[in-house]
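Breakdown of the fold
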Amino acid sequence: MQEFEPTIIAFVCNWCTYTAADLAGTSRLVQPPNVRMIRMMCTGMVDPKYVIKALLEGADAVLVSGCHPGDCHYINGNLKARRRMKLLKEILPRFGFDERRLKMTWIGASEGIDFAQTMRDMAQQVKALGPNQLRTQMVL
Amino acid sequence: MPAYPEEIEDALAEGVVIHYLSAPVRIVDNDGKVSGLECIRTELGAPDSSGRRRPVPIEGSEFIVECDALIPAIGQQPEARHLTEAGLDVSRRNTIEVNRHTTQTSMPDVFAGGDAVSGPATVIDAIAAGHKAAEAIHRYLSGENLGLYEKELAEKEPPGRDWREIPEGIAREARAGLQHREVRESVSSFAEVALGLHDEKATGEALRCLNCGACSECMECVKACERCAVDHAVQEQTVEVKVGTIIVATGFDIMDPSPMQQYGYGRFPEVYTGLEFERLNNAVGPTGGQILMKNGQRPASIGIVHCVGSRDVNFHEYCSRVCCMYALKYGHLIKEKAGHDTQVYNFYIDMRCFGKGYEEFYRRLQEEGITFVRGRPAEITDEAIGPKEEGKLIIIGEDTLSGRRLRVPVDMVVLCTAMEARKNAPEVARLFGISQGGDGFFLEEHPKLGPMSTATDGIFLAGSCQGPKDIPDAVSHAAGAAGQALALATRGKVEIPSATSWIDPDVCAGCQTCIQLCPYSAIEFDERKEVSEVNEALCKGCGSCSGFCPSGAARTKHFTTKQVFAEIEGILADVI
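All values derive from a computational prediction rather than experimental measurement.

For chain B, the count of helices and strands is 15 helices and 21 strands. Among the 576 residues that make up chain B, the fraction classed as buried is 23%.

Structural data, given as structure tokens:
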């Protein structure tokens with residue numbers, strides 16, 4: 001059987017993590033191909049239903065990544081996101097998802113190396129976690 | 001005996017005998033000449049009302065101290081009789097009663113100061129009293145109300161209490177002891193006994209000063225500054241300037257090479273940084289522009305070490321960009337100023353002569369007879385092997401082109417230290433809402449297309465705060481930044497992003513949660529329609545409202561739920 005390759009959806013902030021991803025790319029840092037990014041203007045606009053939607057659509061994990069606390073381009077959107085994600089983690093099991101399938105990180109615009117490392121770590125962790133149940137059961 | 005301990009010690013050393021607890025009774029004479037002093041021993045009696053134990057004579061303990069001369073050293077007190085006769089109020093201790101603040105006596109026309117008021121005190125106290133009295137007398141004669149002046153003085157804060165805080169971690173150092181004349185000499189002459197401090201001790205003593213008084217406003221610096229650049233009247237003030245654009249041009253720091261112990265900066269006096277050598281070279285520098293060593297001699301050979309802290313994974317990975325060229329300039333100046341027989345050795349990794357006319361300059365320097373060694377030196381030492389190296393600094397390294405190990409004895413070493421981001425760059429970055437790159441320098445919007453602008457609209461970068469630059473580069477960078485800043489400022493209006501939020505009035509339930517969430521106060525509640533409304537001129541499109549809206553009425557344009565869902569479905573289309 002082919003080795004399981006997870007699909008990770010990353011909601012990334014336009015001002016930091018998205019730029020860091022760009023930097024990681026232009027710096028030619030090696031990163032796994034498992035991550036698919038959706039650019040948001042701020043992690044503060046990530047509606048919890050986007051995360052659930054992504055998981056329901058079959059993503060194996062969701063990453064929400066924004067600016068370091070205090071560095072938000074929109075003053076404090078990242079802190080609002082942190083609260084929302086914390087609460088969302090509490091209710092994810094009721095949807096049948098392991099709470100480890102949602103992760104939130106802070107990656108600044110200049111931290112391309114950090115970004116690539118986070119992607120590698122996350123791909124590794126999700127690989128260990130196994131595929132999203134939805135993918136094996138095919139029931140919606 | 002109220003004397004300083006060292007005074008008593010000195011007296012004893014000179015052979016003075018001190019009789020404690022003795023009181024003089026009478027002078028013994030022999031034919032009208034002094035022959036001795038009769039004293040009586042005393043003991044300390046019970047404390048009196050002031051708590052002091054008065055000496056009480058011991059009956060029958062009289063003794064005679066034989067002597068040829070007698071010097072009475074008795075106390076003093078003011079002669080007050082004529083003062084009382086004149087009508088002045090006098091205290092119990094025979095001193096003149098005065099107003100503490102104005103020094104006015106009981107007779108309005110008479111002011112008093114000095115020992116006659118305070119009792120025995122120092123010259124300084126007396127002079128201070130004189131100053132005080134002079135001021136009060138002037139006011140009195142000018143017809144001012146001294147009562148008001150007194151009140152003013154009484155309310156004035158005592159001076160000299162706002163000392164600077166003493167930093168922690170300062171080791172205690174003993175006061176330098178005074179040098180004294182030998183006892184043998186001092187007993188037989190009237191020459192000054194205390195000899196003061198030697199140069200070294202005196203400067204050492206001055207260095208103990210923690211400068212806790214900070215500036216005492218002696219104004220000597222005002223006199224010394226030929227450019228009249230010192231103004232003591234200037235006070236810190238906060239000025240609010242309304243601007244449309246800001247150019248950040250905060251520059252760089254020079255790396256301190258002391259952590260690179262192998263190069264001996266700070267240990268060997270003849271190891272300089274590039275900037276220090278520049279100063280040595282300068283016509284208004286300490287040597288008037290002559291290239292001299294600290295001992296005043298002309299150096300016969302100079303080593304220039306490139307890439308100190310630059311292109312080094314342990315310090316800064318980047319190239320500092322300017323060092324190759326200024327090292328070449330130094331080589332040229334050394335040949336010109338210190339003489340063409342001066343040996344100049346450049347230790348480089350790569351010569352990076354990238355600019356217009358730079359490569360030609362490099363070639364010219366090679367023709368001037370400057371030696372170039374490819375290889376970063378391993379060490380600079382003063383441990384000589386052989387007579388040629390005696391008293392010199394030896395640069396140990398390898399010529400990687402010929403593969404030979406080298407020991408190059410030189411008189412002086414110049415370290416081309418790295419340019420680095422300023423220590424306070426993180427604070428400045430936070431202040432202006434801009435980011436720093438991995439190397440610490442401020443991050444430009446785009447490395448190729450936006451080298452002067454930043455991620456924050458209206459903030460521009462100029463010069464070495466963005467990365468190491470030589471002068472022509474910094475000038476063009478700054479001119480570009482100024483042009484961009486002006487282009488933005490003179491237009492008088494800015495375009496706002498299209499991605500603002502919008503609240504659907506048909507869906508909004510009027511819960512007003514979004515009003516609390518909006519960091520820009522861009523949402524207001526319309527009482528009549530009972531819905532929240534976004535002010536698009538204020539909205540920055542962060543989506544704080546749309547990310548939370550319980551009814552889904554708040555939407556950020558281009559990031560609506562429908563659009564994001566479609567995006568999710570699209571990128572996950574192949575997954576299930």
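Don't stop here, the text continues.
So, on to the overall build of chain A. When helices and strands are counted, chain A shows 5 helices and 4 strands. Ordered by position in the sequence, the α and β elements of chain A form the string β-α-β-α-β-α-β-α-α. Across the 140 residues of chain A, 52% fall into the buried class. Counting only contacts in chain A whose residues sit at least 6 apart along the sequence, the fraction spanning at least 24 positions is 81%.

In this complex, chain B contributes 28 residues to the contact, which on the side of chain A involves 27 residues. The class makeup of the residues in the side of chain B that touches chain A is 14 nonpolar, 11 polar and 3 charged.

Residue and element names in this part refer to chain B. Pairing is antiparallel in the open sheet, where 3 strands are placed in the order E1-E2-E3. Both edges of this open sheet fall to strand E1 (22-30) and strand E3 (53-66), since each of them pairs with a single strand only. Sheet twist, expressed as the mean angle between neighbouring strand axes with direction ignored, is 20°. Pairing between E1 and strand E2 (residues 33-47): 8 bridges, direction antiparallel. Bridge assignment links serine 22 to a residue of E2, and that residue is arginine 41.

We now examine helix H10 (residues 323-337) of chain B. All names here are of chain B. The terminal C-alpha atoms of H10, which comprises 15 residues, lie 20 Å apart, in line with the 21 Å expected from a rise of 1.5 Å per residue. Buried within H10 are the following residues: Cys323, Cys324, Ala327, Leu328, Tyr330, Gly331 and Ile334. End-on, the buried residues of H10 take up no more than an arc of 155°, which puts them together on one face. Contacts from the buried residues of H10 go to helix H9 (274-281), strand E9 (301-308), strand E10 (343-348), helix H11 (358-367) and strand E15 (412-417). Among the residues trailing H10, glycine 339 stands out with phi positive, at a value near 110°.

Two strands in a sheet stick together by hydrogen bonds in their backbones, pointing the same way (parallel) or opposite ways (antiparallel). Residue and element names in this part refer to chain B. Strand order in the open sheet made by the 3 strands is E12-E13-E14, with antiparallel pairing throughout. Strands with a single pairing partner mark the edges of an open sheet, and in this sheet they are strand E12 (379-381) and strand E14 (404-410). Between one strand and the next, the sheet's axes are offset by a mean angle of 25°, whatever the strand orientation.

Of all hydrophobic cores here, the largest spans 107 residues; its most connected members are Ile8(A), Val62(A), Ile304(B), Val413(B) and Leu415(B). In contact with Leu415(B), not counting residues within four places along its chain, are Pro257(B), Tyr263(B), Tyr265(B), Val271(B), Tyr272(B), Thr273(B), Gly274(B), Val305(B) and Val308(B). Counting residues in each nonpolar core, the second largest holds 13 residues, with Leu517(B), Ala522(B), Cys545(B) and Ala554(B) among its members.

Now for the confidence of the model for chain B. Within chain B, residue pLDDT values average 90, and 99% of them lie at 70 or more. The ipTM for the predicted assembly is 0.94, set against a pTM of 0.55.

All names here are of chain B. At a closest axis distance of 10 Å, the pairing of H10 and H11 adopts a crossing angle of 35°. Classified by chirality, the crossing of H11 by H10 is left-handed. Here Met325, Leu328, Gly331 and His332 of H10 lie close against H11, whose contacting residues are Tyr358, Phe361, Tyr362 and Leu365.

The phi angle of most residues is negative, glycine excepted, and most peptide bonds adopt the trans form. One non-glycine residue with positive phi stands out, namely Arg28(A), at about 60°. Mapped onto the secondary structure, Arg28(A) falls in the loop between helix H1 (17-26) and strand E2 (35-40). According to the C-beta neighbour criterion, Arg28(A) is exposed, with 9 such atoms within 10 Å. Its identity as a non-glycine residue notwithstanding, Asn94(B) has a phi of 65°, on the positive side. Checked against the element boundaries, Asn94(B) lands in the loop between helix H2 (81-86) and helix H3 (115-118).

Turning next to the pairing of E10(B). Residue and element names in this part refer to chain B. In this structure, E9 lies alongside E10, joined through 5 bridges in parallel fashion. Within E10, the residue paired with isoleucine 304 across the bridge is asparagine 346. This β-α-β element, E9 to H10 to E10, shows right-handed connectivity. Bridge count between E10 and strand E11 (residues 371-374): 4 bridges; the pairing is parallel. Residue pairing across strands places asparagine 346 opposite phenylalanine 372, the latter belonging to E11. Viewed along the sheet, the connection from E10 through H11 into E11 turns out right-handed.

Okay, the pairing of strand E4 (residues 102-106) of chain A next. Within a regular beta strand, the side chains point alternately toward one face of the sheet and then the other, so they alternate between its two faces. All names here are of chain A. The element E4 is largely enclosed, with a buried count of 4 among its 5 residues. With 5 bridges connecting them, strand E3 (residues 61-66) and E4 associate as parallel partners. When the bridges of E4 are listed, valine 64 appears paired with methionine 104.

The rules behind the values
Residues numbered from 1 in each chain as written. Chains lettered and ligands numbered in written order. Predicted model: local features only at pLDDT ≥ 70, side-chain atom pairs only at ≥ 80, totals over all residues. Helix = DSSP H or I, 4+ residues; strand = E, 2+ residues; numbered from the N terminus. Buried ≥ 20, exposed ≤ 12 C-beta atoms within 10 Å, placed from the backbone. Contact = placed C-beta atoms within 7 Å. Nonpolar A, V, L, I, M, F, W, Y, C, P; charged D, E, K, R; others polar. Pairing = 2+ DSSP bridges. Axes fitted to C-alpha atoms, helices over the stretch in contact; angles between N-to-C directions. Expected span 1.5 Å × (residues − 1). Arc of directions from axis to C-beta. Core = buried A, V, L, I, M, F, W, Y, C linked by C-beta atoms within 7 Å. pLDDT = per-residue confidence, 0-100. Left-handed = near helix turned anticlockwise from the far one by under 90°. Right-handed = clockwise from strand over helix to strand, strands pointing away.

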